[in-house]
Amino acid sequence: MFEPTDGYYRTVLIEEPRASGDSTWLAHHPDLPGCNAAAKEQEDALSGLDAAREAWLASAEKHGMPIPPPMDDPLIQVIYSANPTAYLDGQKGNSTGLQSVLLPAA
């Protein structure tokens, strides 16, 4: 049986600025399609992503779906973008104001 704590999945954290001056944070695991969370604070988005990942992995195991192997080292990619949906839609090269930072998660 697969244990989610056996490794890490690459995490992408995207800040979506709002006209009001605050932001929404979107967090997702690119290797686990549909596994994402959103919140007003980074920490809350990452906590929501932890819960989403656990549910994703449990569902994949229950339904016999393939589970991508986790990475050995944690990695978080933080993206500050004026157009975060372009990144999510796969248009990384066309995003305006895109800045990306790779950080070790530990």
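Given the structure is predicted, the values throughout are model-derived calculations rather than measurements.

### What about the pairing of strand S2 (residues 23–28)?
Turning to step 1, where the next piece is worked out: Counting buried residues along S2, 6 of its 6 residues qualify, which places the element largely inside the surrounding structure.
Turning to step 2, where the next piece is worked out: Residues Ser23, Trp25 and Ala27 point to one face of S2 and Thr24, Leu26 and His28 to the other, with burial holding for every one of them.
Turning to step 3, where the next piece is worked out: As judged from the 6 bridges shared by strand S1 (residues 11–17) and S2, these two strands associate in the antiparallel manner. Across the sheet, residue Val12 finds its bridge partner in S2, namely His28.
Turning to step 4, where the next piece is worked out: Counted between consecutive antiparallel strands, the loop separating S1 from S2 contains 5 residues, among which Gly21 sits at a positive phi close to 100 degrees.

### Here we look at the confidence of the model for the chain
Turning to step 1, where the next piece is worked out: Residues with a pLDDT of 70 or more make up 69% of the chain, whose mean pLDDT is 78.
Turning to step 2, where the next piece is worked out: Across the chain, element-level confidence peaks in strand S3 (residues 36–39) with a mean pLDDT of 95 and bottoms out in strand S5 (residues 99–104) with 51.
Turning to step 3, where the next piece is worked out: Long-range and interchain partners of residues 1–5, a stretch whose pLDDT sits below 50, account for 8 contacts in this model, where long-range means more than four residues apart.
Turning to step 4, where the next piece is worked out: Segment residues 92–98: pLDDT under 50, and 16 contacts once partners within four positions in sequence are set aside and those in other chains are kept.

### Brief notes about the nonpolar core
Turning to step 1, where the next piece is worked out: If you look at the biggest cluster of nonpolar residues, it comprises 15 residues, and the most contacted ones within it are Leu13, Leu32, Ala45 and Trp56.
Turning to step 2, where the next piece is worked out: Broken down by secondary-structure element, the contributors of at least two residues to this core are S2, S3, helix H1 (42–62) and strand S4 (75–80).
Turning to step 3, where the next piece is worked out: The dominant element in this core, judged by the number of residues it contributes, is H1, at 5 residues.
Turning to step 4, where the next piece is worked out: If sequence neighbours within four positions are ignored, Ala45 has contacts with Leu13, Trp25, Ala27, Ala37 and Ala39.

### Re the side chain of Ser23
Turning to step 1, where the next piece is worked out: Positionally, Ser23 belongs in strand S2.
Turning to step 2, where the next piece is worked out: A distance of 2.7 Å separates polar atoms of two side chains, one belonging to Ser23 and the other to Glu15.
Turning to step 3, where the next piece is worked out: Not counting chain neighbours up to four residues away, the residues in contact with Ser23 comprise Glu15, Glu16, Pro17, Arg18 and Lys40.

### Comments concerning the pattern of salt bridges
Turning to step 1, where the next piece is worked out: Across all of its chains, the model carries 4 salt bridges by this definition.
Turning to step 2, where the next piece is worked out: A salt bridge links Arg18 to Glu16, with the nearest nitrogen and oxygen atoms 3.0 Å apart.
Turning to step 3, where the next piece is worked out: Measuring nitrogen to oxygen at the nearest pair gives 4.0 Å for the salt bridge that ties Glu54 to Arg53.
Turning to step 4, where the next piece is worked out: Classification of Glu54 by relative accessible area gives partly exposed; the value is 36%.

Calculation notes
Numbering of residues starts from 1 in each chain and follows the order in which that chain's sequence is written. The model is predicted, so local features are restricted to residues of pLDDT at least 70 and side-chain atom pairs to those at 80 or more, both for listing and for counting; the totals for chains, interfaces and linings are taken over all residues. Side-chain measures were taken over the full set of non-hydrogen atoms in the model, leaving aside hydrogen atoms and water. Relative accessibility under 20% of the residue-type maximum defines a buried residue, over 50% an exposed one, and the middle range a partly exposed one, all with a 1.4 Å probe and only protein chains included. Secondary structure is summarised from DSSP: a helix means a run of H or I of at least four residues, a strand means a run of E of at least two, and numbering begins at the N terminus for each. A pair of strands is treated as paired once DSSP finds two or more bridges between them. What pLDDT expresses is the predictor's confidence in each residue, scored from 0 to 100. The criterion used for residue contact is that any of the two residues' heavy atoms lie within 4.5 Å. For the purposes of this section, nonpolar cores are sets of buried Ala, Val, Leu, Ile, Met, Phe, Trp, Tyr and Cys residues that join through side-chain atoms within 4.5 Å. Whenever a nitrogen or oxygen atom comes within 3.5 Å of another N or O atom, the pair is scored as a polar contact, on the condition that within protein one atom can donate a hydrogen and the other can accept it, and that pairs from neighbouring residues in sequence are kept only if both atoms are in side chains. Any carboxyl oxygen of Asp or Glu that lies within 4 Å of a side-chain nitrogen of Lys or Arg is treated as forming a salt bridge with it.

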